[in-house]
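# Close look at the chain arrangement
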Amino acid sequence: MEKNEHICDENCGCDEPIPTVTLTLEDDSELECNILGTFDVDDKEYIALVPIDSDEALIYKFSQEGEGDITLALIEDDDEFQKASNAFYEFFGDGEEQD
């Protein structure tokens, strides 16, 4: 497993702006999220997002073609989601796996 991105937040101390992405939901509403970073599990790439004004993370499958073509997909397999979730907590949490 490998973490691919620097984690920027209001406490990181760097001068970089916190990267964001706007998700279009099934009901066509939009949700703006901070990007925590991307990480790999079993040769698959995932992205961790936190909606603005929330502290709950969202994890999606992630792929990028070229400079701007980003694709996010729901993780539908329970075992895959558990692996991605555990990796997320290892990289971005307190290091403990969650159930």
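In what follows, the structure referred to is the one given above.
Now for a quick tour of the structure. The model shown is predicted, which means the values in this text are computed figures rather than measured ones.

### Quick word on the pairing of strand 3 (residues 30–41)
Across five bridges, the pairing between strand 2 (residues 20–24) and strand 3 is antiparallel. The partner of Leu23 across the bridge, within strand 3, is Leu31. Connecting the antiparallel pair strand 2 and strand 3 is a turn made up of five residues, with Asp28 showing a positive phi of about 70 degrees. The pairing of strand 3 with strand 4 (residues 44–51) spans eight bridges and is antiparallel. The partner of Cys33 across the bridge, within strand 4, is Pro51.

### Describing the packing of aromatic side chains
Applying the stated criterion across every chain yields a total of five aromatic pairs. Seen in terms of ring centroids, Phe39 and Phe92 are 5.9 Å apart; in terms of plane orientation they differ by 70 degrees. Their pairing is edge-to-face. Here Phe92 lies in helix 1 (residues 78–92) and Phe39 lies in strand 3, a separation of 53 residues in the sequence. Exposure remark for Phe92: the relative accessible area of 19% places this residue in the buried category. One aromatic cluster is present, built from ring pairs that chain together Phe39, Tyr46, Phe88, Tyr89, Phe91 and Phe92.

Reading the values: rules and limits
Residues numbered from 1 in each chain as written. Predicted model: local features only at pLDDT ≥ 70, side-chain atom pairs only at ≥ 80, totals over all residues. Heavy atoms only, no water. Pairing = 2+ DSSP bridges. Helix = DSSP H or I, 4+ residues; strand = E, 2+ residues; numbered from the N terminus. Phe/Tyr/Trp six-rings, centres within 6.5 Å; stacked < 30°, edge-to-face > 60°. Buried < 20%, exposed > 50% of the residue type's maximum accessible area, 1.4 Å probe, protein only.

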